Amino acid sequence: MGLNTAMAKEGYTSFWNDCISSGLRGGILIELALRGRIRLEPLSIRRKRLLERKVLLKSDAPTGDVLLDETLRHIKATESAETVQTWIELLTGETWNPFKLQYQLRNVRERIAKALVEKGILTTEKQNFLLFDMTTHPVSNATEKQRLVKKLQESMLERWVNDPHRMERRTLALLVLAHSSDVLENVFASLADDKYNVAMNRTKDLLDMDPEVEAAKARGAEMIWAVLAAFNKS
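Residues numbered from 1 in each chain as written. Predicted model: local features only at pLDDT ≥ 70, side-chain atom pairs only at ≥ 80, totals over all residues. Heavy atoms only, no water.

**Looking at the overall build of the chain**
What the chain contains, in helices and strands, is 11 helices and four strands. A separation threshold of at least 6 residues defines the contact pool for the chain, and within that pool the share at least 24 residues apart is 61%. Surface summary for the chain: the accessible area is close to 12,900 Å², and the carbon and sulfur share equals 49%. (Helix = DSSP H or I, 4+ residues; strand = E, 2+ residues; numbered from the N terminus. Contact = heavy atoms within 4.5 Å. Areas by Shrake-Rupley, 256 points an atom, 1.4 Å probe, with all protein chains shown as cover.)

Next up, the structure:
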(Lines give C-alpha, C1' and ligand atoms only; values in the text may rest on other atoms or scores of the structure.)
Protein backbone atom coordinates (compact mmCIF):
# COMPACT_ATOMS: atom_id res chain seq x y z
CA MET A 1 0.00 0.00 0.00
CA GLY A 2 2.95 2.28 0.56
CA LEU A 3 3.61 2.17 -3.20
CA ASN A 4 0.67 4.43 -4.02
CA THR A 5 1.69 6.88 -1.32
CA ALA A 6 5.35 6.91 -2.31
CA MET A 7 4.77 6.95 -6.08
CA ALA A 8 3.38 10.46 -6.35
CA LYS A 9 5.67 12.68 -8.41
CA GLU A 10 8.66 14.01 -6.47
CA GLY A 11 7.66 11.75 -3.58
CA TYR A 12 4.69 13.82 -2.44
CA THR A 13 1.29 12.34 -1.69
CA SER A 14 -0.97 14.25 -4.05
CA PHE A 15 -4.12 15.54 -2.40
CA TRP A 16 -5.36 16.42 -5.90
CA ASN A 17 -5.43 12.76 -6.96
CA ASP A 18 -8.77 11.28 -5.85
CA CYS A 19 -7.87 7.97 -7.52
CA ILE A 20 -5.28 7.22 -4.84
CA SER A 21 -7.95 7.06 -2.12
CA SER A 22 -9.99 4.33 -3.80
CA GLY A 23 -6.81 2.64 -5.03
CA LEU A 24 -5.57 2.29 -1.48
CA ARG A 25 -8.88 0.71 -0.40
CA GLY A 26 -8.62 -1.75 -3.27
CA GLY A 27 -5.09 -2.52 -2.13
CA ILE A 28 -6.33 -3.27 1.38
CA LEU A 29 -8.85 -5.80 0.05
CA ILE A 30 -6.17 -7.47 -2.08
CA GLU A 31 -3.75 -7.64 0.82
CA LEU A 32 -6.37 -9.19 3.10
CA ALA A 33 -7.08 -11.82 0.43
CA LEU A 34 -3.38 -12.56 -0.08
CA ARG A 35 -3.04 -13.02 3.69
CA GLY A 36 -5.92 -15.48 3.74
CA ARG A 37 -8.36 -13.31 5.71
CA ILE A 38 -11.06 -12.79 3.07
CA ARG A 39 -12.18 -14.42 -0.18
CA LEU A 40 -14.81 -14.12 -2.88
CA GLU A 41 -17.86 -16.31 -2.53
CA PRO A 42 -17.76 -19.35 -4.84
CA LEU A 43 -19.16 -19.21 -8.35
CA SER A 44 -22.85 -20.07 -8.56
CA ILE A 45 -25.63 -20.10 -11.13
CA ARG A 46 -26.95 -16.82 -9.72
CA ARG A 47 -23.60 -15.13 -9.20
CA LYS A 48 -21.13 -15.84 -11.95
CA ARG A 49 -19.55 -12.43 -12.51
CA LEU A 50 -16.77 -11.07 -10.30
CA LEU A 51 -18.67 -7.91 -9.37
CA GLU A 52 -21.73 -9.92 -8.32
CA ARG A 53 -19.86 -12.17 -5.92
CA LYS A 54 -19.70 -11.15 -2.26
CA VAL A 55 -16.61 -10.72 -0.10
CA LEU A 56 -16.61 -13.38 2.63
CA LEU A 57 -14.65 -13.52 5.85
CA LYS A 58 -12.21 -16.42 5.88
CA SER A 59 -10.37 -15.66 9.12
CA ASP A 60 -10.62 -12.83 11.63
CA ALA A 61 -7.11 -13.42 13.00
CA PRO A 62 -5.37 -10.03 13.38
CA THR A 63 -2.72 -9.18 10.79
CA GLY A 64 -0.80 -6.75 12.99
CA ASP A 65 -1.49 -3.90 10.55
CA VAL A 66 -3.86 -1.24 11.89
CA LEU A 67 -5.65 -0.48 8.60
CA LEU A 68 -5.96 -4.14 7.57
CA ASP A 69 -7.35 -5.10 10.97
CA GLU A 70 -9.79 -2.17 10.99
CA THR A 71 -11.09 -3.28 7.58
CA LEU A 72 -11.31 -6.87 8.80
CA ARG A 73 -13.48 -5.76 11.73
CA HIS A 74 -15.79 -3.88 9.35
CA ILE A 75 -16.18 -6.92 7.10
CA LYS A 76 -16.89 -9.12 10.09
CA ALA A 77 -19.45 -6.65 11.49
CA THR A 78 -21.61 -6.36 8.38
CA GLU A 79 -25.02 -8.00 8.62
CA SER A 80 -25.02 -8.93 4.93
CA ALA A 81 -21.98 -9.56 2.75
CA GLU A 82 -21.05 -6.92 0.17
CA THR A 83 -19.30 -7.00 -3.21
CA VAL A 84 -15.75 -5.80 -3.90
CA GLN A 85 -17.01 -2.65 -5.60
CA THR A 86 -19.37 -1.85 -2.71
CA TRP A 87 -16.57 -2.37 -0.17
CA ILE A 88 -14.28 0.02 -2.03
CA GLU A 89 -17.06 2.60 -2.00
CA LEU A 90 -17.88 2.02 1.69
CA LEU A 91 -14.25 2.16 2.80
CA THR A 92 -13.78 5.37 0.78
CA GLY A 93 -16.95 6.90 2.26
CA GLU A 94 -18.75 7.06 -1.10
CA THR A 95 -22.17 5.91 0.05
CA TRP A 96 -25.59 7.54 0.24
CA ASN A 97 -26.57 5.29 3.15
CA PRO A 98 -25.90 7.19 6.41
CA PHE A 99 -26.01 3.92 8.36
CA LYS A 100 -23.00 2.65 6.41
CA LEU A 101 -20.76 5.68 6.87
CA GLN A 102 -19.34 3.85 9.89
CA TYR A 103 -17.40 1.62 7.48
CA GLN A 104 -15.36 4.48 6.06
CA LEU A 105 -11.62 4.23 6.67
CA ARG A 106 -10.60 7.74 7.60
CA ASN A 107 -7.29 9.52 6.98
CA VAL A 108 -5.83 6.50 5.18
CA ARG A 109 -3.17 8.40 3.23
CA GLU A 110 -2.10 10.28 6.34
CA ARG A 111 -1.94 7.10 8.43
CA ILE A 112 0.10 5.25 5.80
CA ALA A 113 2.38 8.26 5.42
CA LYS A 114 2.89 8.37 9.19
CA ALA A 115 3.83 4.69 9.21
CA LEU A 116 6.32 5.31 6.38
CA VAL A 117 7.74 8.29 8.28
CA GLU A 118 8.27 6.01 11.30
CA LYS A 119 10.11 3.55 9.04
CA GLY A 120 12.33 6.34 7.75
CA ILE A 121 11.05 6.12 4.16
CA LEU A 122 9.22 9.47 4.19
CA THR A 123 9.74 12.67 6.11
CA THR A 124 7.31 15.43 7.11
CA GLU A 125 7.49 19.07 6.09
CA LYS A 126 5.28 22.07 5.40
CA GLN A 127 4.72 23.23 1.83
CA ASN A 128 3.00 26.42 0.71
CA PHE A 129 0.22 25.87 -1.83
CA LEU A 130 -0.96 29.26 -3.04
CA LEU A 131 -2.96 30.65 -0.10
CA PHE A 132 -2.42 27.94 2.49
CA ASP A 133 0.22 25.71 4.05
CA MET A 134 -0.09 21.95 3.91
CA THR A 135 1.78 19.06 5.48
CA THR A 136 3.51 16.91 2.86
CA HIS A 137 5.58 13.74 3.06
CA PRO A 138 8.48 13.76 0.59
CA VAL A 139 10.68 10.68 0.29
CA SER A 140 13.68 10.84 2.64
CA ASN A 141 15.03 7.34 1.93
CA ALA A 142 14.50 6.50 -1.72
CA THR A 143 15.82 2.93 -1.43
CA GLU A 144 12.43 1.25 -0.89
CA LYS A 145 10.71 3.32 -3.56
CA GLN A 146 13.49 2.54 -6.04
CA ARG A 147 13.25 -1.16 -5.18
CA LEU A 148 9.52 -1.22 -5.96
CA VAL A 149 9.93 0.83 -9.13
CA LYS A 150 12.75 -1.43 -10.36
CA LYS A 151 10.70 -4.53 -9.56
CA LEU A 152 7.76 -3.29 -11.64
CA GLN A 153 9.98 -2.08 -14.48
CA GLU A 154 11.78 -5.44 -14.68
CA SER A 155 8.48 -7.33 -14.58
CA MET A 156 7.49 -5.54 -17.80
CA LEU A 157 10.95 -5.73 -19.44
CA GLU A 158 13.76 -8.15 -18.52
CA ARG A 159 11.49 -10.52 -16.60
CA TRP A 160 8.43 -10.24 -18.84
CA VAL A 161 6.62 -13.59 -18.92
CA ASN A 162 3.69 -12.64 -21.18
CA ASP A 163 1.27 -14.40 -18.84
CA PRO A 164 -0.26 -12.76 -15.74
CA HIS A 165 -0.66 -16.17 -14.08
CA ARG A 166 3.09 -16.70 -14.13
CA MET A 167 3.70 -13.33 -12.50
CA GLU A 168 4.28 -13.06 -8.77
CA ARG A 169 0.88 -12.14 -7.31
CA ARG A 170 2.04 -9.05 -5.45
CA THR A 171 3.75 -7.75 -8.59
CA LEU A 172 0.49 -8.16 -10.49
CA ALA A 173 -1.35 -6.46 -7.63
CA LEU A 174 1.09 -3.52 -7.63
CA LEU A 175 0.55 -2.99 -11.35
CA VAL A 176 -3.23 -3.07 -10.94
CA LEU A 177 -3.11 -0.65 -8.00
CA ALA A 178 -0.65 1.74 -9.69
CA HIS A 179 -3.00 1.80 -12.68
CA SER A 180 -6.14 2.32 -10.59
CA SER A 181 -4.42 5.05 -8.56
CA ASP A 182 -3.32 6.87 -11.72
CA VAL A 183 0.40 6.72 -10.87
CA LEU A 184 1.47 4.07 -13.39
CA GLU A 185 3.28 6.53 -15.68
CA ASN A 186 5.46 7.55 -12.73
CA VAL A 187 6.63 3.93 -12.39
CA PHE A 188 8.11 3.95 -15.92
CA ALA A 189 9.05 7.64 -16.15
CA SER A 190 12.79 7.03 -15.63
CA LEU A 191 13.05 4.60 -18.56
CA ALA A 192 14.49 5.47 -21.97
CA ASP A 193 11.81 6.20 -24.56
CA ASP A 194 11.99 2.80 -26.29
CA LYS A 195 11.80 0.86 -23.03
CA TYR A 196 9.06 3.17 -21.73
CA ASN A 197 6.93 2.42 -24.78
CA VAL A 198 7.48 -1.33 -24.46
CA ALA A 199 6.65 -1.33 -20.74
CA MET A 200 3.54 0.83 -21.16
CA ASN A 201 2.25 -1.24 -24.10
CA ARG A 202 2.75 -4.51 -22.24
CA THR A 203 1.08 -3.10 -19.15
CA LYS A 204 -1.84 -1.86 -21.22
CA ASP A 205 -2.23 -5.28 -22.83
CA LEU A 206 -2.22 -6.91 -19.39
CA LEU A 207 -4.73 -4.48 -17.89
CA ASP A 208 -6.98 -4.76 -20.95
CA MET A 209 -7.42 -8.49 -20.35
CA ASP A 210 -10.91 -9.62 -19.36
CA PRO A 211 -10.89 -9.93 -15.53
CA GLU A 212 -13.68 -12.52 -15.70
CA VAL A 213 -11.65 -14.82 -17.94
CA GLU A 214 -8.39 -14.32 -16.04
CA ALA A 215 -10.00 -14.80 -12.60
CA ALA A 216 -11.39 -18.15 -13.75
CA LYS A 217 -7.81 -19.28 -14.45
CA ALA A 218 -6.33 -17.74 -11.32
CA ARG A 219 -5.39 -19.61 -8.19
CA GLY A 220 -5.38 -17.25 -5.25
CA ALA A 221 -5.54 -14.12 -7.42
CA GLU A 222 -9.31 -13.71 -7.86
CA MET A 223 -9.41 -10.65 -5.61
CA ILE A 224 -6.79 -8.88 -7.75
CA TRP A 225 -8.91 -9.34 -10.87
CA ALA A 226 -12.08 -8.39 -8.98
CA VAL A 227 -10.48 -5.10 -7.87
CA LEU A 228 -9.39 -4.41 -11.48
CA ALA A 229 -12.95 -5.16 -12.66
CA ALA A 230 -14.34 -2.74 -10.05
CA PHE A 231 -12.05 0.08 -11.21
CA ASN A 232 -12.75 -0.66 -14.88
CA LYS A 233 -16.45 -0.18 -14.17
CA SER A 234 -16.11 2.95 -12.04
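**Some words on the pattern of salt bridges**
Summed over the entire model, instances satisfying the criterion amount to 10 salt bridges. The closest approach of N and O atoms between Glu31 and Arg170, which form a salt bridge, is 2.7 Å. In this pair, Glu31 is assigned in helix α2 (residues 18-34) and Arg170 in helix α7 (residues 169-180), connecting sequence segments 139 residues apart. Residue Glu31 is classed as buried on the basis of its relative accessible area of 16%. Close ionic contact of Lys150 with Glu154 constitutes a salt bridge, the shortest N to O distance being 4.0 Å. A residue pair is termed a helical-turn pair when its members lie 3 or 4 positions apart in one helix, as Lys150 and Glu154 do in helix α6 (residues 143-156) at four residues. Each of Glu31, Arg35 and Arg170 takes part in a single network of salt bridges with overlapping partners. (Salt bridge = Lys/Arg side-chain N within 4 Å of Asp/Glu carboxyl O. Buried < 20%, exposed > 50% of the residue type's maximum accessible area, 1.4 Å probe, protein only.)

**Observations concerning the nonpolar core**
Counting residues in each nonpolar core, the largest one holds 53 residues, and the members touching the most others are Leu29, Ile30, Ile38, Val84, Phe188 and Trp225. Sort the elements by how many residues they give to this core and helix α11 (residues 222-233) lands first, with nine residues. Phe188 has contacts with Leu152, Gln153, Met156, Leu175, Tyr196, Ala199, Met200 and Thr203, leaving out every residue within four places of it along the chain. (Core = buried A, V, L, I, M, F, W, Y, C linked by side-chain atoms within 4.5 Å.)

**So, unusual backbone geometry**
Notably, Asn162 is not glycine yet its phi reads approximately 55 degrees, a positive angle. The backbone phi angle of Asp182 is positive, close to 60 degrees, even though this residue is not glycine. Among the residues examined, Asp182 registers a relative accessible area of 56% and is labelled exposed.

**Re helix α3 (residues 66-77)**
An α-helical turn contains 3.6 residues, so any two residues separated by three or four positions project in the same direction. Over its 12 residues, α3 extends 17 Å from the first C-alpha to the last, a length consistent with the 16 Å expected when each residue adds 1.5 Å. The backbone nitrogen of Leu67 has a side-chain oxygen 3.1 Å away, supplied by the residue at the start of α3, namely Asp65. (Expected span 1.5 Å × (residues − 1). Polar contact = N/O pair within 3.5 Å; in protein donor to acceptor, adjacent residues only side chain to side chain.)

**A word on α11**
With 12 residues, α11 should cover 16 Å at 1.5 Å per step; its first-to-last C-alpha distance of 17 Å lies within 8% of that length. The element α11 is extensively covered by neighbouring structure, given that nine of its 12 residues are classed as buried. Taken residue by residue, α11 has Met223, Ile224, Trp225, Ala226, Val227, Leu228, Ala229, Ala230 and Phe231 as its buried positions.

**Let's talk about the side chain of Thr83**
Along the polypeptide, Thr83 turns up in the loop between α3 and α4 (84-92). You can call Thr83 buried: its relative accessible area is 11%. Once you skip the residues sitting within four places of it in the chain, Thr83 turns out to touch Leu51, Glu52, Arg53, Lys54 and Val55.

**Section: the packing of α4 against α11**
As a packed pair, α4 and α11 sit with axes 9 Å apart at the nearest point and diverge in direction by 70 degrees. On the basis of their axis angle, the class for α4 and α11 is roughly perpendicular. Note that α4 runs across α11; the crossing there is right-handed. Every residue of α11 that contacts α4 at Val84, Gln85 and Ile88 is listed here: Met223, Ala226, Val227, Ala230, Phe231 and Lys233. Its residues placed into classes, the contact of α4 with α11 shows seven nonpolar, one polar and one charged. (Axes fitted to C-alpha atoms, helices over the stretch in contact; angles between N-to-C directions. Parallel < 35°, antiparallel > 145°, perpendicular 65-115°, else oblique. Left-handed = near helix turned anticlockwise from the far one by under 90°. Nonpolar A, V, L, I, M, F, W, Y, C, P; charged D, E, K, R; others polar.)

**Examining the confidence of the model for the chain**
Scored by pLDDT, the chain comes out at a mean of 82, with 73% of its residues at no less than 70. The low-confidence segment residues 1-17, where pLDDT is below 50, has 56 contacts with residues more than four positions distant or belonging to other chains. (pLDDT = per-residue confidence, 0-100.)

**Some words on the packing of α7 against α11**
Packing of α7 against α11 brings their axes to within 10 Å, and their N-to-C directions diverge by 10 degrees. Taken together, α7 and α11 sit at an angle that is classed as roughly parallel. For the pair α7 and α11, the contacting residues are Arg169, Leu172, Ala173, Val176, Leu177, His179 and Ser180 in the first and Ile224, Trp225, Val227, Leu228, Phe231 and Asn232 in the second. Of the residues belonging to the contact of α7 with α11, the class tally is nine nonpolar, three polar and one charged.

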